[in-house]
Amino acid sequence: QGDAWAQFNLAGMYYKGEGVAQGNEEAARLYGLAAKQGDAWAQFNLAGMYYKGEGVAQSHEEAARLFGLAAEQGDAWAQFNLAGMYYKGEGVAQ
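No experiment lies behind these values; they were computed from the predicted model shown.

Draft legend 1. Expanded view of the environment of Asn 24. Structurally, Asn 24 can be placed in helix α2 (residues 24-36). Taking the C-alpha atoms as reference points, Asn 24 and Ala 76, 52 residues apart in sequence, are found 24 Å from one another. Once residues within four sequence positions are removed from consideration, Asn 24 is found in contact with Tyr 15, Met 49, Glu 54 and Gly 55. Engagement of the side chain of Asn 24 in a polar contact is seen with the side chain of Gln 22, the distance being 2.7 Å.

Here's what the structure looks like:
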């Protein structure tokens, strides 16, 4: 029914294969639904999947965008990862 917290938790189950068949594509889809609703944890996890190319086409640009959304909400790990991407020039202008 569109509950971001449920989508986030189910995505984690698919990512880890806990109680369901492991599936990065489904995890990314569910994280995406929660991320679009502004869930910072989903934005962070989906960013990591884009960074590594897990279940989605690798895109450092999309990873940086999603880390940025989570960072704007005060997620310290997202801020750290985004800073590292700026330092390395990955997906952003250095």
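Draft legend 2. Spatial organisation of helix α3 (residues 40-52). The first and last C-alpha atoms of α3 sit 18 Å apart over 13 residues, in line with the 18 Å expected at 1.5 Å per residue. Where α3 is buried, its residues meet α1 (4-16), α2 and α4 (60-72). Positive backbone phi, at 75°, marks Gly 53, one or two positions downstream of α3.

Draft legend 3. Summary view of the pattern of salt bridges. Inspection of every chain in the model, using the stated rule, returns three salt bridges. Close ionic contact of Arg 29 with Glu 26 constitutes a salt bridge, the shortest N to O distance being 2.8 Å. On the criterion of helical spacing, the pair formed by Arg 29 and Glu 26 is a turn pair, its members being three residues apart in helix α2. In this structure Glu 26 comes out as partly exposed when scored by relative accessible area, which is 25%. Ionic pairing is found between Glu 54 and Lys 52, a salt bridge with its closest N-O pair at 3.8 Å. Lys 52 sits in the partly exposed class, given a relative accessible area of 49%.

Draft legend 4. The environment of Asn 9, seen in detail. Counting through the fold element by element, Asn 9 comes out in helix α1. Each C-alpha atom, one on Asn 9 and one on Gly 91, is 28 Å from the other, the two residues being 82 residues apart in sequence.

Draft legend 5. Broad picture of the nonpolar core. Grouped together as the largest cluster of nonpolar side chains are 25 residues, with contacts concentrated most on Tyr 31, Ala 42, Leu 46 and Phe 67. Where this core is concerned, the elements lending two or more residues are α1, α2, α3, α4 and α5 (76-88). Contacts of Ala 42, omitting those with residues within four sequence positions, involve Phe 8, Tyr 31, Ala 34 and Ala 35.

Draft legend 6. Seen up close, the packing of α1 against α3. At a closest axis distance of 10 Å, the pairing of α1 and α3 adopts a crossing angle of 35°. Note that α1 runs across α3; the crossing there is left-handed. Of α3, the residues touching α1 (which contributes Trp 5, Phe 8 and Tyr 15) are Trp 41, Ala 42, Asn 45, Met 49 and Lys 52.

Draft legend 7. Looking closely at α5. The terminal C-alpha atoms of α5 lie 18 Å apart, and with 13 residues this matches the ideal 18 Å at 1.5 Å per residue to within 8%. At its buried positions, α5 is contacted by α3 and α4. Between a side-chain oxygen at the N-terminus of α5 and the backbone nitrogen of Trp 77 the separation is 3.0 Å; the capping residue is Asp 75. Directly after α5, the chain includes Gly 89, whose backbone phi takes a positive value near 70°.

Here is what the cut-offs are and how they apply
Residues numbered from 1 in each chain as written. Predicted model: local features only at pLDDT ≥ 70, side-chain atom pairs only at ≥ 80, totals over all residues. Heavy atoms only, no water. Helix = DSSP H or I, 4+ residues; strand = E, 2+ residues; numbered from the N terminus. Contact = heavy atoms within 4.5 Å. Polar contact = N/O pair within 3.5 Å; in protein donor to acceptor, adjacent residues only side chain to side chain. Expected span 1.5 Å × (residues − 1). Salt bridge = Lys/Arg side-chain N within 4 Å of Asp/Glu carboxyl O. Buried < 20%, exposed > 50% of the residue type's maximum accessible area, 1.4 Å probe, protein only. Core = buried A, V, L, I, M, F, W, Y, C linked by side-chain atoms within 4.5 Å. Axes fitted to C-alpha atoms, helices over the stretch in contact; angles between N-to-C directions. Left-handed = near helix turned anticlockwise from the far one by under 90°.

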